[in-house]
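The chain contents come next:
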Amino acid sequence: MNKQYWSNRYIQNTTGWDLGKVSPPIKVFVDKLINKKLKILIPGSGYGYEAEYLFLNGYLNTSVVDLAKEPLQNIKKRVANFPEKQLIEANFFNLSKNQKFDLIIEQTFFCAINPKLREQYVKMCYSLLNNGGRIVGLLFYDIPLKEDPPFGGDKFEYLKLFEPFFEILIFEKCMNSHSSRMGKEYWIEFTKRA
Ligand SMILES: C[S@@+](CC[C@H](N)C(=O)[O-])C[C@H]1O[C@@H](n2cnc3c(N)ncnc32)[C@H](O)[C@@H]1O
């Protein structure tokens, strides 16, 4: 799934994953955050309604990264003062490990990348986070691995990948998902191990 593949999905408007608004569990999480200075990254953000919500609620150090330029242009149109340098058009796996974040928010990016890259995803998140940094968000509830995105996965596999690098604070069935995803997601909160 290369840059062209993802751009085409936006150009052809075949974006079945797009909720059209901030994901409810992520909104609830953001509403409980306090520290407006947090450096936040949303990888594979797509249209980035979560980034918009964060930014408009004072989390001005929110960045998104996406391979496709179309959704980033869309964010810029919706939120004119969202800083260009925080709309990163790049491959997540090529981000410089010199930049650090306090919080990574996951939603339908992990399931969109080739499963062979999952270990690299976990290590990349680890490298990009400050000490004590967190990865928070949603992973698909147990569904078999498929040939195309969303690739699926299960709790056993997720734990095997994340546990060596992250302390598992919360890993539970999400109870406040968007209605179209009810019962199909885990809510996760993991902290970077020292
Ligand atoms: C299934 S979509 C999910 C978008 C968004 N998270 C949402 O929930 O609406 C996956 C997104 O990841 C982006 N993407 C795929 N591979 C990527 C990579 N290696 N680096 C950065 N973005 C990537 C795609 O362009 C697409 O926007």
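The paragraphs below set out a description of the structure included in this document. Just so we're clear, the structure is a prediction, and the values are computed from it rather than from any experiment.

1. With respect to the sheet that holds strand β2 (residues 62-66)
Strand-to-strand pairing in sheets goes through backbone hydrogen bonds, with the strands running parallel or antiparallel. Pairing within the open sheet is mixed, and its 7 strands lie in the order β3-β2-β1-β4-β5-β7-β6. The open sheet has two edge strands, β3 (87-89) and β6 (166-173), and neither has a second partner. Adjacent strand axes in the sheet meet at a mean angle of 15° when their direction is disregarded. Pairing geometry for strand β1 (residues 40-43) and strand β4 (residues 101-106), over 2 bridges, is parallel. Bridged to Ile-40 within β4 is Leu-103. Contacting β1, β4, β5 (129-140), β6 and β7 (185-192), helix α5 (residues 118-128) runs over the sheet at an angle of about 140° to β5.

2. Some details on the environment of Glu-157
Along the chain, Glu-157 turns up in helix α6 (residues 155-162). Accessibility expressed as a relative area gives 22% for Glu-157, which makes it partly exposed. Linking Glu-157 and Tyr-10, residues 147 residues apart in sequence, is a C-alpha distance of 30 Å.

3. Looking at the nonpolar core
Counting 31 residues, the largest nonpolar core has Leu-54 and Leu-103 as its most contacted members. The set of elements that each furnish at least two residues to this core consists of α1 (3-11), α2 (24-32), β1, α3 (49-56), α4 (69-78), β4 and β5. A total of 5 residues in this core trace back to one element, the largest contributor, which is α3. Aside from chain neighbours lying at most four places away, what touches Leu-54 is Val-30, Leu-33, Ile-40, Ile-42, Tyr-59, Thr-62 and Ile-105. Among the nonpolar cores identified, the runner-up in size contains 27 residues, and Val-65, Val-122, Leu-139 and Tyr-158 belong to it.

4. Observations regarding α1
Every buried residue of α1 is accounted for by Trp-6, Ser-7 and Tyr-10. Angularly, the buried residues of α1 cover 100° about the axis, an arc narrow enough to put them on a single face. Elements in contact with the buried residues of α1: β2 and α4. A side-chain oxygen of the first residue of α1 lies 3.2 Å from the backbone nitrogen of Gln-4; this N-cap is Asn-2. Immediately downstream of α1, the backbone of Asn-13 shows phi near 60°, a positive value.

Procedures and definitions
- Residues numbered from 1 in each chain as written.
- Predicted model: local features only at pLDDT ≥ 70, side-chain atom pairs only at ≥ 80, totals over all residues.
- Heavy atoms only, no water.
- Pairing = 2+ DSSP bridges.
- Helix = DSSP H or I, 4+ residues; strand = E, 2+ residues; numbered from the N terminus.
- Axes fitted to C-alpha atoms, helices over the stretch in contact; angles between N-to-C directions.
- Contact = heavy atoms within 4.5 Å.
- Buried < 20%, exposed > 50% of the residue type's maximum accessible area, 1.4 Å probe, protein only.
- Core = buried A, V, L, I, M, F, W, Y, C linked by side-chain atoms within 4.5 Å.
- Arc of directions from axis to C-beta.
- Polar contact = N/O pair within 3.5 Å; in protein donor to acceptor, adjacent residues only side chain to side chain.

Bear in mind that shape data such as this cannot, by itself, settle questions of function.
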